Amino acid sequence: MFTAGDDDMKASRVRMLAVALGLCCVWGLTFSAAGQMSGGTSVQPQRGGDQGKSDATGAPVSEKKFVKSAIEASLDDVEMGRLALQKSTDSEVRHYAIEETDDHGKILEDLKQVAQQLNMSVPDGPSKSALKEMDKLKALPGDAFDQAFLKETVKSHKDEDKSYKDEARTTTSPQLKDLVTQENQIIGNHLQQAQQLAQAKGKK
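Rules behind the numbers
Residues numbered from 1 in each chain as written. Predicted model: local features only at pLDDT ≥ 70, side-chain atom pairs only at ≥ 80, totals over all residues. Heavy atoms only, no water. Helix = DSSP H or I, 4+ residues; strand = E, 2+ residues; numbered from the N terminus. Buried < 20%, exposed > 50% of the residue type's maximum accessible area, 1.4 Å probe, protein only. Contact = heavy atoms within 4.5 Å. Areas by Shrake-Rupley, 256 points an atom, 1.4 Å probe, with all protein chains shown as cover. Salt bridge = Lys/Arg side-chain N within 4 Å of Asp/Glu carboxyl O. Axes fitted to C-alpha atoms, helices over the stretch in contact; angles between N-to-C directions. Parallel < 35°, antiparallel > 145°, perpendicular 65-115°, else oblique. Left-handed = near helix turned anticlockwise from the far one by under 90°. pLDDT = per-residue confidence, 0-100. Core = buried A, V, L, I, M, F, W, Y, C linked by side-chain atoms within 4.5 Å. Phe/Tyr/Trp six-rings, centres within 6.5 Å; stacked < 30°, edge-to-face > 60°. Arc of directions from axis to C-beta. Polar contact = N/O pair within 3.5 Å; in protein donor to acceptor, adjacent residues only side chain to side chain.

Undergrad: Any chance you could explain the overall build of the protein here in plain terms?
TA: Of the regular secondary structure elements, the protein holds 7 helices and 0 strands. When the elements of the protein are put in sequence order from the N terminus, they spell out α-α-α-α-α-α-α. The buried share of the protein, reckoned over its 204 residues, is 44%. In the protein, 78% of the contacts between residues at least 6 apart in sequence involve partners at least 24 apart. A total of about 10400 Å² of accessible surface is found on the protein, and carbon and sulfur atoms cover 53% of it.

Undergrad: Quick question: what am I supposed to make of the pattern of salt bridges here?
TA: If charged atoms from side chains of opposite charge come close, those side chains can pair. Evaluation of the coordinates by the stated rule reveals 9 salt bridges. Ionic pairing is found between Lys138 and Asp135, a salt bridge with its closest N-O pair at 3.9 Å. Of this pair, Lys138 and Asp135 both sit in helix H5 (residues 128–138), 3 residues apart, roughly one helical turn. Within this structure, Asp90, Glu92 and Lys201 form a network of salt bridges that share partners.

Undergrad: Before we go on, may I ask you to explain the packing of helix H3 (residues 61–87) against helix H4 (residues 91–117) in this structure?
TA: Helix packing for two helices is described by the angle between their axes and how far apart those axes are. Between H3 and H4, the least distance of the axes is 8 Å, while the angle of their chain directions is 155°. Our classification of the angle between H3 and H4 gives roughly antiparallel. Considering only the axes of H3 and H4, their crossing is left-handed. Contact residues: H3 offers Val67, Ala70, Ile71, Ser74, Leu75, Asp77, Val78, Met80, Gly81, Arg82, Ala84 and Leu85, while H4 offers Arg94, Ala97, Ile98, Glu100, Thr101, His104, Gly105, Ile107, Leu108, Leu111, Lys112 and Ala115.

Undergrad: Explanation requested: the environment of Gln192 in the structure shown.
TA: Within the fold, Gln192 resides in helix H7 (residues 174–202). Residue classification places Gln192 among the partly exposed residues on the basis of a relative accessible area of 44%. Distance from Gln192 to Lys158, taken between C-alpha atoms, is 9.7 Å for residues 34 residues apart in sequence.

Undergrad: How do you make sense of the confidence of the model for the protein when you look at a structure like this?
TA: When pLDDT is low, close inspection of the predicted coordinates is not appropriate. On average, residues of the protein score 80 in pLDDT, and 70% of them reach the 70 mark or higher. Predicted confidence is poor over residues 21–49, with pLDDT under 50, and the contacts of this stretch with residues over four places away or in other chains come to 44 contacts.

Undergrad: Just to check I follow, could you spell out the nonpolar core for this structure?
TA: Core analysis: the biggest nonpolar cluster contains 20 residues, and Phe66, Val67, Ile71, Ile107, Leu111, Tyr164 and Val180 have the highest contact counts within it. With 6 residues, the single largest contributor to this core is H3. Excluding its chain neighbours within four sequence positions, the residues that come into contact with Leu111 are Val67, Ala70, Ile71 and Tyr164.

Undergrad: How should I be thinking about the packing of H3 against helix H6 (residues 142–170) in this particular structure?
TA: It is at 11 Å that the axes of H3 and H6 come closest, and there the two elements cross at 160°. The orientation of H3 relative to H6 falls into the category roughly antiparallel. Seen from above, H3 lies across H6 with left-handed handedness. On the side of H3, the interface is formed by Ser62, Glu63, Phe66, Ala70, Ala73, Ser74, Asp77, Met80, Gly81, Leu83, Ala84 and Lys87, while H6 contributes Phe145, Phe149, Glu152, Ser156, His157, Glu160, Ser163, Tyr164 and Glu167.

Undergrad: Mind showing me how you'd approach the packing of aromatic side chains here?
TA: Each aromatic ring pair is characterised by the separation of its centres together with the angle its planes make. Scanning all chains against the criterion turns up 3 aromatic pairs. On the numbers, 5.1 Å between centres and 80° between planes, the contact of Phe66 with Tyr164 is edge-to-face. On the criterion of sequence distance, the pair formed by Phe66 in helix H3 and Tyr164 in helix H6 is long-range, its members being 98 residues apart. Clustering of aromatic rings is evident, with ring pairs tying together Tyr96, Phe145 and Phe149.

Undergrad: Just to check I follow, could you spell out H5 for this structure?
TA: An α-helix turns once every 3.6 residues. As a result, residues three or four positions apart point the same way. If you check which residues of H5 are buried, you get Ala130, Met134 and Leu137. Down the axis of H5, the smallest arc covering the buried residues is 55°, so these residues share one side. Turned more than 90 degrees away from the buried face of H5, the exposed residues are Lys128, Ser129, Lys132 and Asp135. In this structure, the buried residues of H5 make contact with H3 and H6.

Undergrad: For this particular structure, what's the right way to read the environment of Ser88?
TA: Tracing the backbone shows Ser88 in the loop between H3 and H4. Considering only alpha carbons, one finds Ser88 and Asp146, 58 residues apart in sequence, at a separation of 6.5 Å. In this view, Ser88 contacts Val93, Arg94, Phe145 and Asp146; residues no more than four positions away in its chain are not counted. A distance of 3.1 Å separates a polar side-chain atom of Ser88 from the backbone nitrogen of Asp90.

Below you can see the structure in the form of structure tokens.
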């Protein structure tokens, strides 16, 4: 269901990852230079209570929170996709689940490498809320499962789309902005496909 242009997008995403892996050094140099220019105190735009706060690596706390939550969201999506492949017999739903599982697996690889560079501990499995939702879905048969799965997928991708766009708008790192913007193109495609499938299956 993806177009040929998505291959270029994925190849570009690999290049963006290579840039993103330099986040630690870039953050440290940026904050150091900002401190020298302002007499030792860096001035940054505020975003909640964490914007402007940095840890020992020089990375803003808010950036690390985003990376952690994005990893958890993709873990949830991968497991949801696997469940759909186990339960659904609908060819379109199964095709979507394959793409979701594959693409979010690749997003996970990117984010985990960034997290490693930032010396972060990250989730190693789906969230409790996702596990609870999957337990509900497992009990549903046929079309009922497909519709519930697509409804949950639309909701989760809407949340991710907003989170990625917010991060791209507010991050102090140009490298992270480029990476999340690239990844969000994939998430946006998933959202559009899930919405179209949900609408089609809801008319049965």
